[in-house]
Amino acid sequence: MALVEIAFVLFMVMAFVHVSNAALYKVGDSAGWTTLGNINYKQWAAIKTFEVGDIIRFEYNAQFHNVMRVTHAMYKTCNTSAPLATYTTGNDSITITTRGHHFFFCGVPGHCQAGQKVDINVPRNISSTAVTPSALISPKSPSAPSALAPSPNKAAPTLNTLKGGFGMLGFVMAFLALFASGCA
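Calculation criteria
- Residues numbered from 1 in each chain as written.
- Predicted model: local features only at pLDDT ≥ 70, side-chain atom pairs only at ≥ 80, totals over all residues.
- Heavy atoms only, no water.
- Helix = DSSP H or I, 4+ residues; strand = E, 2+ residues; numbered from the N terminus.
- Buried < 20%, exposed > 50% of the residue type's maximum accessible area, 1.4 Å probe, protein only.
- Contact = heavy atoms within 4.5 Å.
- Areas by Shrake-Rupley, 256 points an atom, 1.4 Å probe, with all protein chains shown as cover.
- Salt bridge = Lys/Arg side-chain N within 4 Å of Asp/Glu carboxyl O.
- Pairing = 2+ DSSP bridges.
- Axes fitted to C-alpha atoms, helices over the stretch in contact; angles between N-to-C directions.

Enquirer: Give me the overall build of the chain: which residues, what numbers.
Expert: Within the chain, the regular secondary structure consists of four helices and seven strands. Reading the chain from its N end, one meets helices and strands in the order α-β-α-β-β-α-β-β-β-β-α. Taken across its 184 residues, the chain has 31% of its residues classed as buried. Sequence separation of at least 24 residues holds for 73% of the intrachain contacts in the chain that already meet a minimum separation of 6. A total accessible area of about 11100 Å² is found for the chain, and carbon and sulfur atoms account for 63% of it.

As structure tokens, then:
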């Protein structure tokens, strides 16, 4: 009877565990979140394929910058009056939990107007996204390693390896179920 209970517990664990292909993206890659260097955050975001569960990291000098999450209307006009959230640590990680557009900008006067803003778009329907030449570059596996933390972080593949483990767990559960039914 103990094997049946073990199989049931394993089944429940599998049912409630969620494995993600989450990636860690550093906004602006090696340049980070800044007004220096004419970083084109729109172009940076356009070549990424964001998914629910991804982590967006803003790294910046907290003496000179911040991060505000805002509505689309606020994003278009760089309106800092009522942000949805404000981040000020200089090392802010934000997990994307929903599909659609997620708008961020720096709330320091003049910075948003100078281009320090980014639209993180998680497609609502992945199959309807158009394939462009830049989309053929997989953001999940950078072609050349860099000493500076590239986007996405190399930690993401370790999460993918968990999926194979769950396949083996299913096999073990099936074996235990067969064994337990033979012992009953």
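After presenting the structure, the write-up continues.
Enquirer: Can you explain the pattern of salt bridges? Please cite residues and give values.
Expert: By the definition in use, this model includes three salt bridges. Here glutamate 59 and arginine 57 are joined by a salt bridge, their closest N and O atoms 3.8 Å apart. The exposure class assigned to glutamate 59 is partly exposed, which follows from its relative accessible area of 27%. We classify arginine 57 as partly exposed; its relative accessible area is 24%. Ionic contacts of the salt-bridge type, sharing partners, join the residues Lys26, Arg57 and Glu59 into one network.

Enquirer: Requested: an account of the sheet that holds strand β7 (residues 117–122), with residues and values cited.
Expert: Pairing within the open sheet is antiparallel, and its four strands lie in the order β4-β3-β6-β7. Because the sheet does not close on itself, it has two edges, and the strands there are β4 (85–87) and β7. Neighbour to neighbour, the strand axes of the sheet diverge by 25° on average, direction disregarded. Across three bridges, the pairing between strand β3 (residues 67–70) and β4 is antiparallel. If you follow arginine 69 over to β4, its bridge partner there is alanine 85.

Enquirer: Got a sec to walk through the pairing of strand β5 (residues 91–95)? Specific residues and values, please.
Expert: Burial along β5 is one-sided: Asp92 and Ile94 are buried, and none of Asn91, Ser93 and Thr95, which face the opposite way, are. Bridge count between strand β2 (residues 55–59) and β5: five bridges; the pairing is antiparallel. Each residue of the ladder has a partner; that of phenylalanine 58, found in β5, is aspartate 92.

Enquirer: Outline the sheet that holds β5, listing residues and values.
Expert: With mixed pairing, the three strands of this open sheet are ordered in space as β1-β2-β5. Looking at which strands have only one partner, the edges of the open sheet turn out to be β1 (24–26) and β5. Taking the axes of each pair of neighbouring strands and ignoring which way they run, one obtains an average angle of 20° across the sheet. Relative to β2, β1 runs parallel, the two sharing three bridges. Paired with lysine 26 across the two strands is arginine 57, which belongs to β2.

Function-wise, these values are silent; they only describe arrangement.
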